[in-house]
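Here's the letter readout for the chains.
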Amino acid sequence: MLLLLGIAVGIVGLVFADRSELKISQFLTKDLLLSNSQLADQIQREFKCCGLNGPNDWENIPSSCCADISNADCQNGSNFKKGCISAVSDSISLDLAISGGISLAVGLILLLGVILASHSFLEIHEKNKNNAYERNF
């Protein structure tokens, strides 16, 4: 059961790693980011991004978009260029791919263990069968 679960989680993680951008864009709507400036600032600082699709989403670029913390006005184009949808999506896709790969690897290791255990069982069974045959003759 654990073997199947590991392989299933691995496959799901690898398949859905590329499909996360649509869900993230639905979650990070302009309403969410514009209505909650603290959340927008936290996301932009954490993922080093600016706006949904880029800094052009903002009329006045917030300080959380600034790559240089000491330059709060983001002068000289020192703001993050990448949009938060792609930055968050890339991060989640990477996490899903890593966890999917690890789950798949664990599942394959468990499968190898099952195969080796079965092989050992068959060898022991064959040896016992041969020993019983030799005792009878």
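Everything numeric here is computed off the predicted structure, so don't read it as measured data.

### Considerations on the overall build of the chain
Then comes step 1: Helices and strands together make up the secondary structure of the chain, namely five helices and zero strands.
Then comes step 2: Helices and strands appear in the chain in the N-to-C order α-α-α-α-α.
Then comes step 3: Looking at the chain as a whole, 28% of its 137 residues qualify as buried.
Then comes step 4: By sequence separation, contacts in the chain at least 24 residues apart represent 59% of the contacts at least 6 residues apart.
Then comes step 5: Carbon and sulfur atoms form 61% of the exposed surface of the chain, whose accessible area is close to 9,700 Å².

### Things to note about the state of the cysteines
Then comes step 1: Per the counting criterion, the structure on display carries two disulfides.
Then comes step 2: Note on cysteine connectivity: Cys 50 is disulfide-linked to Cys 65, with sulfurs 2.1 Å apart. Taking the torsion about the S-S bond as the criterion, the Cys 50 to Cys 65 disulfide, at about 90°, is right-handed. Of the two residues, Cys 50 is situated in the loop between α4 (37-47) and α5 (84-136) and Cys 65 in the loop between α4 and α5; the sequence distance between them amounts to 15 residues.
Then comes step 3: Residue classification places Cys 50 among the buried residues on the basis of a relative accessible area of 0%.
Then comes step 4: Judged by its relative accessible area of 0%, Cys 65 is buried.

### A look at the nonpolar core
Then comes step 1: Among the nonpolar cores identified, the biggest contains nine residues, and these are Ile 24, Leu 28, Ile 43, Cys 49, Leu 52, Cys 84, Ile 85, Ala 87 and Val 88.
Then comes step 2: Looking at this core element by element, the count peaks at four residues for α5.
Then comes step 3: When residues no more than four places from it in sequence are discounted, the contact partners of Val 88 are Ile 24, Leu 28, Ile 43 and Phe 47.
Then comes step 4: Membership of the second largest hydrophobic core comes to five residues, among which are Ala 40, Cys 50, Cys 65 and Phe 80.

### Some remarks on the confidence of the model for the chain
Then comes step 1: Confidence along the chain averages 78 in pLDDT terms, with 69% of residues attaining 70 or more.
Then comes step 2: Averaged pLDDT values for the elements of the chain fall to 64 in helix α3 (residues 30-35) and rise to 87 in α4.

### Some thoughts on the environment of Ala 40
Then comes step 1: Looking at the element boundaries, Ala 40 is found in helix α4.
Then comes step 2: In this structure Ala 40 comes out as buried when scored by relative accessible area, which is 3%.
Then comes step 3: Between the C-alpha atom of Ala 40 and that of Leu 28, which follows or precedes it by 12 residues, the distance is 9.1 Å.

### Some remarks on a nonpolar patch on the surface
Then comes step 1: Together, Leu 94, Ile 98, Ile 102, Val 106 and Leu 110 give the surface a local cluster of nonpolar side chains, amounting to about 440 Å² of exposed area.
Then comes step 2: Residue placement: Ile 98 occurs in helix α5.
Then comes step 3: The exposure class of Ile 98 is partly exposed, given its relative accessible area of 45%.

Parameters at a glance
- Residues numbered from 1 in each chain as written.
- Predicted model: local features only at pLDDT ≥ 70, side-chain atom pairs only at ≥ 80, totals over all residues.
- Heavy atoms only, no water.
- Helix = DSSP H or I, 4+ residues; strand = E, 2+ residues; numbered from the N terminus.
- Buried < 20%, exposed > 50% of the residue type's maximum accessible area, 1.4 Å probe, protein only.
- Contact = heavy atoms within 4.5 Å.
- Areas by Shrake-Rupley, 256 points an atom, 1.4 Å probe, with all protein chains shown as cover.
- Disulfide = S-S within 2.5 Å.
- Core = buried A, V, L, I, M, F, W, Y, C linked by side-chain atoms within 4.5 Å.
- pLDDT = per-residue confidence, 0-100.
- Patch = residues over 30% accessible without salt bridge, like charges linked within 9 Å, V, L, I, M, F, W, Y side chains within 5 Å.
- Salt bridge = Lys/Arg side-chain N within 4 Å of Asp/Glu carboxyl O.

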